[in-house]
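# Tertiary structure, described
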Amino acid sequence: MNDYYPFINTPLPYAYDALEPYIDQKTMYLHHDCHLQTYIDNLNAILKEHPDLQTWSLKEFLYRWPDLPPSLQIPIRNQAGGVFNHRFFFEEMAPPEESYIDLDIVKEIEKNFTDLNDFLDQLRQAALSVFGSGYAWVVVEQGKLKITTTANQNTPIDENMTPILNLDVWEHAYYLKHYNLRSPYFDDWLHVIRWDILKQRFHEAMSSKTESSS
C-alpha cells in the first residue's frame with residue numbers, strides 16, 4: 001500500500017462480489033472505485049500544488065494536520081482521512097468463509113469488556129450513535145481496547161489513539177442494500193470481519209507502545 005504522494009488506488013484484496021451476500025458487489029465497486037478514488041484524486045491535486053508537503057506520509061497528514069497552513073488544514077485532513085479510513089476498512093474484511101473469530105483477540109477483548117457480546121453490543125451502539133456520516137472505531141489507548149466514533153473522515157490518530165478496526169457508517173457504504181437502515185448493515189458486516197487482522201493490528205499497537213516507552 002503506497003503511503004506517499006502520488007497516492008494510487010490499490011486493488012481490493014478480494015473480488016468485488018467476494019463479500020456477498022453480506023455486502024453487495026455494486027456497493028463494493030462504487031465504494032472502492034468511485035468514493036475512495038475521489039479522495040485519492042483530491043488529495044493528489046492538493047499536493048501537486050505544494051511540493052513541500054509531498055514527502056509527508058499519509059499518517060503524518062492525519063496527526064500533523066494542525067501544523068499545516070490554515071487554508072490547507074481542513075481540506076487535507078478531509079481528503080487524507082478519506083484515503084486512510086477507506087483503505088483501513090477495506091483491508092479488514094474478507095469473504096465470509098474466511099471470517100473466523102480469533103480466540104487470542106477475544107481474550108484481549110474480555111480484559112476490557114464483559115465478554116464478546118458486550119463488546120459487539122457497545123460497538124453496535126457506537127455505530128448507530130454517529131449522527132450523519134462518520135465511523136465507529138475500536139482503538140488501543142494506553143494499552144487498552146476502547147470503542148469510539150469520529151465524524152466525517154476524521155480519525156482517532158490525532159487523539160493519540162491507535163485504530164485497529166473501523167466501520168464506515170456513511171450511507172454510501174450500505175444504502176444500495178439497506179437503504180437508510182444502519183443496524184442490519186452492522187449485522188451483515190459482522191460476517192465479513194477479518195479477525196486475524198484485528199489481532200495483528202492490536203499486537204502492532206502494543207509493540208509500538210512498548211518501543212516508545214523504552
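Residues numbered from 1 in each chain as written. Predicted model: local features only at pLDDT ≥ 70, side-chain atom pairs only at ≥ 80, totals over all residues. Heavy atoms only, no water.

## Focus: unusual backbone geometry
For the bond running from Tyr5 to Pro6, omega is -5°, close enough to zero to count as cis. Relative to the elements of secondary structure, Pro6 occurs in the segment before helix H1 (25-48). Cis geometry marks the peptide bond from Glu20 to Pro21; its omega dihedral reads 0°. Its location among the elements puts Pro21 in the segment before H1. Positive phi, close to 50°, is recorded for Gln142, a residue that is not glycine. By secondary structure assignment, the location of Gln142 is in the loop between strand E1 (134-141) and strand E2 (144-151). On the basis of relative accessible area, Gln142 is assigned to the exposed category, the value being 73%. (Helix = DSSP H or I, 4+ residues; strand = E, 2+ residues; numbered from the N terminus. Buried < 20%, exposed > 50% of the residue type's maximum accessible area, 1.4 Å probe, protein only.)

## Quick word on the UniProt feature "domain: Manganese/iron superoxide dismutase C-terminal" (unreviewed entry) in the chain
Under the feature "domain: Manganese/iron superoxide dismutase C-terminal" (unreviewed entry), the UniProt entry names residues 105-201. For residues 105-201, the end-to-end C-alpha separation is 10 Å, with 42% helix and 24% strand making up the annotated structure. (UniProt positions renumbered as here; feature names shortened; annotations may be inferred.)

## Comments concerning the environment of Ile157
Secondary-structure assignment places Ile157 in the loop between E2 and strand E3 (162-168). Accessibility expressed as a relative area gives 14% for Ile157, which makes it buried. Each C-alpha atom, one on Ile157 and one on Val106, is 24 Å from the other, the two residues being 51 residues apart in sequence. For Ile157, the contacting residues outside a window of four places in its chain are Leu62, Tyr63, Phe84 and Pro163. (Contact = heavy atoms within 4.5 Å.)

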